[in-house]
Protein chains: 2
Amino acid sequence: MIKVPAAREFSALEKNYLFTEVRRKTQKFLTENGGEVINLGVGDVAFPLPPVVVEAMVKATLEMGDNARFKGYPPEGGYPFLKEAIAGRYLKRGVKIDADEIFIGDGAKSDTSSFPDIFGRADVLITDPVYPVYADSSVLRGNRVTFVRGNKQNRFLPSPRGVEKKPYLIFLCSPNNPSGAAYGHDGLKEWVDFALETGSALLFDAAYSAFAGVGVPSSVFEIDGARECCAEFGSFSKSAGFTGLRCSWTVVPKELKCRKSQVSALWKRRQSVKFNGVSYVIQRAAEAALSERGITECGPAVEIYKKNAAAFTAFFKARGIWHTGGELSPYVWIECPKNLSSVEFFNGLLSGCRVVGTPGSGFGKAGEGFFRFSGFATENAAAEAVRRFERSDLFR
Amino acid sequence: MIKVPAAREFSALEKNYLFTEVRRKTQKFLTENGGEVINLGVGDVAFPLPPVVVEAMVKATLEMGDNARFKGYPPEGGYPFLKEAIAGRYLKRGVKIDADEIFIGDGAKSDTSSFPDIFGRADVLITDPVYPVYADSSVLRGNRVTFVRGNKQNRFLPSPRGVEKKPYLIFLCSPNNPSGAAYGHDGLKEWVDFALETGSALLFDAAYSAFAGVGVPSSVFEIDGARECCAEFGSFSKSAGFTGLRCSWTVVPKELKCRKSQVSALWKRRQSVKFNGVSYVIQRAAEAALSERGITECGPAVEIYKKNAAAFTAFFKARGIWHTGGELSPYVWIECPKNLSSVEFFNGLLSGCRVVGTPGSGFGKAGEGFFRFSGFATENAAAEAVRRFERSDLFR
């Protein structure tokens, strides 16, 4: 037996990661009952990689097998071709980011959970309900977490008004996971202004930016002053179907300084100790997803996910069930009918409709009594889910 | 400006990661002087991926583009097919590891630097000279580091004799990076016994196990008692040319317990918060490298790296220069001739021979006055390097 103690922070976590637990319960149900379920739980992709991405990967793989063209360790921070493609993506949206402000990672989970490593023990400000990784990784880091609660009154778009003014690491995700709600320009500006006023770092998770529409910022850098207080995390998972490939990026603007240190230098140094980069083949895949053809070929899946979310929304609206999201987001967030708790509703939905969703309580205290439906499904699966909802007593 | 302070641990690190610094100096030399250099510095691969790996990746990529066969998020801890292939690799060497004791990662750097996250602040015991990542990540974690010095007397195979007896996280790498020295069965057993006696966790880095030969354990689990005190890190980087693909594994035996916790459960929980797995395509590539055909096709590169190291060794022997490694390792470790410091020798070698190596001092205090040559090069490059050594005044 090892006498070095386990990190005590682990005891403050739930036993299982939320989606591990959802998977476990689903498996148990299937083992006991047989048959199939429709999975609207974890936000995993429902469609294969588009041809342009597949072609780029095959080409890059053949290069890796070629004596004159193979690649070894990727350059620190990522290949210039991908960083430039991402900078180009921002520029199209009117946001100027330099390629050397971009750092390639293997997923927004890794990036968002590791970025706080470069800061000392800190106060962390997190909206609730929230992607569990921000809170769990803050707990593991030994940071103190303050939650700003979302609720029906603020339509799950809490503002920093009333929050004690001191320097925080702020996590913000918009369009939001899990609520699907998205800040408009003014709502996001309130957060940026709060960060500037308090000397906070605003860590903006833009993993769902492909779903943002007119009037909704797809990047925090659309807001004045953000370059002095924000870093941004982007992902290919949902926009280009990369959940099974693993590629992401972090934007750390030159103006972002932490006392005497440039934040980008700290992040670079942290990554040089704990990360050896993303495969050349995957970086070429990501580059292809950002090409003109890539944008054309990745679009339809995003549209289907949106349509699915819209179909769920239409049903809930017809039944008078309180809901948000689903328009600028693949997620629909509802108030559980009949005053059911999140887990009661999860169980009822699984046994009654054979549909898996995610209990809102898994995303934080403010999520109790609410439930997340993911639009990441085929059109057929989503339509069948709606038919089952229609037949079910749960929504009456 | 952000008022959240930077983690104070960063100020205890060197400004740049060792190999970043070597690359910077090399670039500076090339900018000022033009021409080319032979790179025997960073241990990067010199050959393309073997055909069996390329074929497996193309096949997996086409699956990812196929509506019936694409994959989303990889299963936590890795795909069973790869875990079973790795278990099979151990079994061939007479070591029984269960597939569910194996966790797939994106590189031994990530795995070795992150594994200590599951323990509380600890005393870390590290041999010196050493792969800088163990020490740097320990510093970032806020752990206290004790070094056990390698030297000419112990042939850079320090033993735990004389070390204060208390529970440590012990990092051990054999065949060793940077010294190329490899523990025999008895030498490694001393470390395992020390870990058992002190309640330490021995974190064994087997990244160079493909170079271990007869009489040298290629896994710490060849030693009695290791399952109660050891975890092991393996990598495809050097054995199968995966530096540009990124795949690794960690073995955490069921018997490994940390007071009331199973260490594997802690590692699984840590990874569920901070990592989302390795691409399906890369895991298929790794599986292919472990197949019969993969072993046959990966072998020649390893043999060339060994031959290169042997050619360097023959030269140093002929010149009466003290050296170790180079037989069971791709690395040769020499005492700098003429009492030069590691950095003086680096500079002399770069300007005099246009050969890049790695200053021993970059691997720790005990490395001062020593120097690492990497056999990761083509045969032609290694032969040309030896010719330049022969003509140089540095070795006279």
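Everything numeric in this text was worked out from a predicted model, so none of it was measured.

About the thresholds
- Residues numbered from 1 in each chain as written.
- Chains lettered and ligands numbered in written order.
- Predicted model: local features only at pLDDT ≥ 70, side-chain atom pairs only at ≥ 80, totals over all residues.
- Heavy atoms only, no water.
- Helix = DSSP H or I, 4+ residues; strand = E, 2+ residues; numbered from the N terminus.
- Rg over C-alpha atoms; globule rule 2.2 N^0.38 Å.
- Buried < 20%, exposed > 50% of the residue type's maximum accessible area, 1.4 Å probe, protein only.
- Contact = heavy atoms within 4.5 Å.
- Areas by Shrake-Rupley, 256 points an atom, 1.4 Å probe, with all protein chains shown as cover.
- Lys, Arg positive; Asp, Glu negative; His and termini not counted.
- Charge placed at Lys NZ, Arg CZ, Asp CG, Glu CD.
- Buried area = accessible area lost by both parts, 1.4 Å probe.
- Salt bridge = Lys/Arg side-chain N within 4 Å of Asp/Glu carboxyl O.
- Domains from an automatic or database assignment.
- Polar contact = N/O pair within 3.5 Å; in protein donor to acceptor, adjacent residues only side chain to side chain.
- Expected span 1.5 Å × (residues − 1).
- Least-squares fit on C-alpha atoms with pLDDT ≥ 70 in both.
- Pairing = 2+ DSSP bridges.
- Axes fitted to C-alpha atoms, helices over the stretch in contact; angles between N-to-C directions.
- Phe/Tyr/Trp six-rings, centres within 6.5 Å; stacked < 30°, edge-to-face > 60°.
- Disulfide = S-S within 2.5 Å.
- Core = buried A, V, L, I, M, F, W, Y, C linked by side-chain atoms within 4.5 Å.
- Parallel < 35°, antiparallel > 145°, perpendicular 65-115°, else oblique.
- Left-handed = near helix turned anticlockwise from the far one by under 90°.
- Nonpolar A, V, L, I, M, F, W, Y, C, P; charged D, E, K, R; others polar.

This brings us to the overall build of chain A. Along the backbone of chain A there are twelve helices and 15 strands. In terms of overall dimensions, chain A is globule-like: its C-alpha atoms have a radius of gyration of 21 Å, near the 21 Å expected for 396 residues. Overall, chain A is about 60 × 60 × 55 Å in size when its C-alpha atoms are taken along their principal axes. By the burial criterion, 62% of the 396 residues in chain A qualify as buried. Long-range contacts, defined here as pairs at least 24 residues apart, represent 74% of the contacts in chain A between residues at least 6 apart. Only carbon and sulfur atoms are counted for the fraction: they give 51% of the accessible area of chain A, which is about 14,500 Å². The centroid of the 51 positive side-chain charges in chain A is displaced by 4 Å from the centroid of its 43 negative side-chain charges.

Let's shift gears to the interface of chain B and chain A. Taken together, the contacts link 88 residues of chain B with 88 residues of chain A. Considering only the side of chain B, the residues that lose the most area to chain A are Ile2, Tyr73 and Arg269 of chain B, jointly responsible for 11% of the buried surface there. Joining chain B to chain A, the criterion identifies four salt bridges. Note that Arg269 of chain B and Asp136 of chain A form a salt bridge whose closest N and O atoms lie 3.6 Å from each other. Listing elements by their share of the side of chain B that touches chain A, those giving two or more residues are α1 (18-33), α2 (51-64), α4 (108-114), α5 (132-141), β9 (257-258), α8 (263-274) and α9 (280-290) of chain B.

It is worth spelling out the domain arrangement of chain A at this point. Residue and element names in this part refer to chain A. What the domain assignment reports for chain A is domain 1 (8-48 + 298-391) and domain 2 (51-293). Here domain 1 and domain 2 have C-alpha centroids that lie 25 Å from each other. Of the residues lining the interface, 33 residues belong to domain 1; the matching set on domain 2 comes to 37 residues. Across the interface of domain 1 and domain 2, roughly 2,900 Å² is buried in total on both sides, 65% from carbon and sulfur atoms. Here domain 1 and domain 2 share one salt bridge between them. Here Lys152 makes a salt bridge to Glu335, at a shortest N to O gap of 2.9 Å. Linking domain 1 to domain 2 there are nine residue pairs in polar contact (both at pLDDT 80 or more).

All right, on to helix α3 (residues 80-92) of chain B then. Two residues of an α-helix separated by three or four positions point the same way, owing to the 3.6 residues in each turn. All names here are of chain B. For α3, which comprises 13 residues, the first-to-last C-alpha distance of 18 Å matches the rise-based estimate of 18 Å (1.5 Å per residue) to within 8%. Among all positions of α3, only Phe81, Leu82, Lys83, Ile86, Ala87, Arg89 and Tyr90 are buried. Positive backbone phi, at 80°, marks Gly94, one or two positions downstream of α3.

What follows is about the relation of the copies chain B and chain A. Mapping chain B onto chain A calls for a screw motion: a turn of 180° about the axis and a shift of 0.0 Å along it, with 0.0 Å RMSD after fitting. The superposition operator between the copies reduces to a two-fold rotation axis. Taking C-alpha positions as the reference, the residue of chain B nearest the rotation axis is Val58 of chain B, at 2.8 Å. Take the interface residues of chain B: 100% of them recur as interface residues in chain A, which is what a same-surface contact looks like.

All names here are of chain A. The strand order across the open sheet formed by seven strands is β2-β8-β7-β6-β5-β3-β4, and the pairing between neighbours is mixed. What marks the edges here is a single partner per strand, and that holds for β2 (102-105) and β4 (144-149). Neighbouring strand axes in the sheet, compared pairwise and without regard to direction, differ in orientation by 20° on average. The pairing of strand β6 (residues 201-205) with strand β7 (residues 230-235) spans four bridges and is parallel. Opposite Phe204, over in β7, you have Glu232 as the bridge partner.

Another point: the environment of Phe233 of chain B. Residue and element names in this part refer to chain B. Mapped onto the elements of the fold, Phe233 is located in strand β7 (residues 230-235). Its relative accessible area of 1% is what places Phe233 among the buried residues. The spacing of Phe233 and Thr112 is 121 residues in sequence and 7.0 Å in space, taken between C-alpha atoms. Beyond its immediate chain neighbours, meaning those up to four positions away, Phe233 contacts Asp111, Thr112, Phe115, Leu203, Phe204, Asp205, Ala206, Ala207, Trp249 and Thr250.

Right, let's get into unusual backbone geometry. Residues and elements named next belong to chain B. Residue Pro175 is bonded to the preceding Ser174 through a cis peptide linkage, with omega at -10°. Topologically, Pro175 is positioned in the loop between β5 (169-173) and α6 (185-198). Of note, the bond from Asn177 into Pro178 is cis; its omega dihedral lies within 30 degrees of zero at 20°. For Pro178, the location among the structural elements is in the loop between β5 and α6. The residue Lys338 is not glycine, and still its phi comes out positive at about 60°. One can find Lys338 in the loop between β12 (331-335) and α11 (342-353). Despite not being glycine, Asn339 shows a phi value in the positive range, around 55°. Its location among the elements puts Asn339 in the loop between β12 and α11.

As summarised here, the arrangement of the four strands in space is β11-β12-β15-β14 (chain B), forming an open sheet in which the pairing is antiparallel. With partners counted over all chains shown, the strands left at the sheet margins are β11 (323-325) and β14 (358-359) of chain B, one partner each.

All told, the structure shown has 80 aromatic pairs over all chains when counted by the stated rule. Ring geometry for Phe115 of chain A against Trp267 of chain A: centres 4.9 Å apart, planes inclined by 50°, an arrangement best described as tilted. Note that Phe115 of chain A is positioned in the loop between α4 (108-114) and β3 (123-128) and Trp267 of chain A in helix α8 (residues 263-274), a separation of 152 residues in sequence. The residues Phe115 of chain A and Trp267 of chain A share a single accessibility class, namely buried. Measuring from centroid to centroid gives 5.8 Å for Tyr17 of chain B and Phe19 of chain B, while their planes differ by 70°, and the two rings are edge-to-face.

Before going further, it helps to spend a moment on the state of the cysteines. Residues and elements named next belong to chain B. Per the stated rule, a full pass over the model turns up zero disulfides over all chains. Cysteine Cys298 is unpaired, with the sulfur of Cys247 as its nearest cysteine sulfur at 13 Å. We classify Cys298 as buried; its relative accessible area is 8%.

Turning next to the nonpolar core. Membership of the largest hydrophobic core comes to 116 residues, with the highest contact counts inside it found for Phe236, Phe242 and Leu245 of chain A together with Phe236, Phe242 and Leu245 of chain B. For Leu245 of chain A, the residues in contact, after removing those within four places along its chain, are Leu49, Val53, Met57, Ile282 and Ala285 of chain A together with Met64, Ser279 and Val281 of chain B. Among the nonpolar cores identified, the runner-up in size contains 83 residues, and Ala231, Leu266, Val355 and Phe395 of chain A belong to it.

To continue, consider the pairing of β5 of chain B. Residues in a regular strand project their side chains so that they alternate between the two faces of the sheet. All names here are of chain B. Along β5, five of the five residues are buried, which leaves the element largely enclosed by surrounding structure. Of the two faces of β5, both are covered, the one formed by Leu169, Phe171 and Cys173 as well as the one formed by Ile170 and Leu172. Bridging between strand β3 (residues 123-128) and β5 involves three bridges; their strand directions are parallel. Bridge pairing in β5 places Leu125 opposite Ile170. As defined by bridge partners, β5 adjoins strand β6 (residues 201-205) across five bridges and the pair is classed as parallel. Of the residues in β6, the one forming a bridge with Phe171 is Leu203.

Residue and element names in this part refer to chain B. Axis separation between α3 and α9 bottoms out at 9 Å; the angle between their running directions is 25°. With respect to α9, the element α3 is oriented roughly parallel. Read as a crossing pair, α3 and α9 show a hand that is left-handed. Of α9, the residues touching α3 (which contributes Phe81, Leu82, Ala85, Ile86, Arg89 and Lys92) are Tyr280, Gln283, Arg284, Ala286, Glu287 and Leu290. In terms of residue class, the contact of α3 with α9 is built from seven nonpolar, one polar and four charged.

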